[in-house]
Amino acid sequence: MEKLFEGFPSLHPLVVHFPIVLLLLALFSQVVAVSYSRYRQELNIVTFVLLLLGTIGAFAAIQTASHISGDADEEAFAVFDTHQRYAWISFWLAGITTVVRFVALRWSKVIWTNYLIVILLISLSVTLFITGHHGARLVYQYGVGPKSNGVLIK
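Report follows, based on the coordinates.

Definitions and limits used
- Residues numbered from 1 in each chain as written.
- Predicted model: local features only at pLDDT ≥ 70, side-chain atom pairs only at ≥ 80, totals over all residues.
- Heavy atoms only, no water.
- Helix = DSSP H or I, 4+ residues; strand = E, 2+ residues; numbered from the N terminus.
- Buried < 20%, exposed > 50% of the residue type's maximum accessible area, 1.4 Å probe, protein only.
- Contact = heavy atoms within 4.5 Å.
- Areas by Shrake-Rupley, 256 points an atom, 1.4 Å probe, with all protein chains shown as cover.
- Core = buried A, V, L, I, M, F, W, Y, C linked by side-chain atoms within 4.5 Å.
- Axes fitted to C-alpha atoms, helices over the stretch in contact; angles between N-to-C directions.
- Parallel < 35°, antiparallel > 145°, perpendicular 65-115°, else oblique.
- Left-handed = near helix turned anticlockwise from the far one by under 90°.
- Nonpolar A, V, L, I, M, F, W, Y, C, P; charged D, E, K, R; others polar.
- Expected span 1.5 Å × (residues − 1).

### As for the overall build of the protein chain
Phase 1: Counting its secondary structure elements, the protein chain contains four helices and two strands.
Phase 2: In the protein chain, the succession of α and β elements from N to C terminus is α-α-β-α-α-β.
Phase 3: With 154 residues in all, the protein chain has 44% of them scored as buried.
Phase 4: Counting only contacts in the protein chain whose residues sit at least 6 apart along the sequence, the fraction spanning at least 24 positions is 84%.
Phase 5: In the structure as shown, the protein chain presents an accessible area of about 8,800 Å², 70% of it carried by carbon and sulfur atoms.

### Focus: the nonpolar core
If you look at soluble globular proteins, the nonpolar side chains tend to sit buried side by side.
Phase 1: Counting residues in hydrophobic clusters, the biggest one holds 13 residues, and the most contacted among them are Leu23, Ala26, Leu51, Leu121 and Leu124.
Phase 2: For this core, the secondary structure elements donating two or more residues are helix H1 (11-35), helix H2 (40-64), helix H3 (74-106) and helix H4 (112-141).
Phase 3: Here this core takes five residues from H4, the largest share from any one element.
Phase 4: The residues touching Leu51, leaving out its near neighbours within four places in the chain, are Leu23, Ala26, Ala94, Thr97, Thr98, Arg101, Leu121 and Leu124.

### Side note on the side chain of Thr47
Phase 1: Counting through the fold element by element, Thr47 comes out in helix H2.
Phase 2: Assessed through its relative accessible area of 0%, Thr47 is described here as buried.
Phase 3: Setting aside its immediate chain neighbours within four residues, Thr47 contacts Ala26, Ser29, Gln30, Arg101 and Leu121.

### Examining the packing of H3 against H4
Phase 1: Look at H3 against H4: their axes get within 8 Å of each other, and the N-to-C directions meet at 160°. Taken together, H3 and H4 sit at an angle that is classed as roughly antiparallel. H3 and H4 meet at a crossing whose hand is left-handed.
Phase 2: For the contact of H3 with H4, the per-class residue count stands at 18 nonpolar, 11 polar and two charged.

### Looking at the packing of H2 against H4
How two helices pack is summed up by the angle between their axes together with the distance between the axes.
Phase 1: Between H2 and H4, whose axes approach to 13 Å, the crossing angle comes to 35°. For the element pair H2 and H4, the recorded crossing hand is left-handed. Each of Arg40, Asn44, Thr47 and Leu51 in H2 lies in contact with H4, whose residues at this interface are Asn114, Leu121 and Leu124.
Phase 2: Counted by class, the contact of H2 with H4 contains three nonpolar, three polar and one charged residues.

### A look at H4
Phase 1: With 30 residues, H4 should reach 44 Å at 1.5 Å per residue; the first-to-last C-alpha distance of 43 Å fits that figure.
Phase 2: One or two positions beyond H4, positive phi appears at Gly143, with a value near 70°.

Interpretation in functional terms is not warranted from these geometric data alone.
And the structure:
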């Protein structure tokens, strides 16, 4: 897949923000579902859909980041490696949370699963923020991005 997106260095910034928003909205939706029992089942379904779409989008975002343009030094490569590591952690955590949310939809009477999903979504949000922080460092501190020259590849 690396060769597929090689000629599109600006694709990653376009793709990456959608799953971030969807996954953070899933946290909001689940917190509201826990807080208001009247709409819990409907909001649990909304949370599942947001998680599913966000997880698929996260995978697409990771795939488009295989080639990031920009002249970079060794420190930038280290930040890029950390950025990628946390992106994969976020993806897998989102996938696990999606599966748990799907299974928990069948157990609508079991309330503790809603709290478990909130904890998983908070953990996911933390990994998303760490991933985003390192991505921002690449762009603003090291000048890695679509407007730069070259490609950040080892």
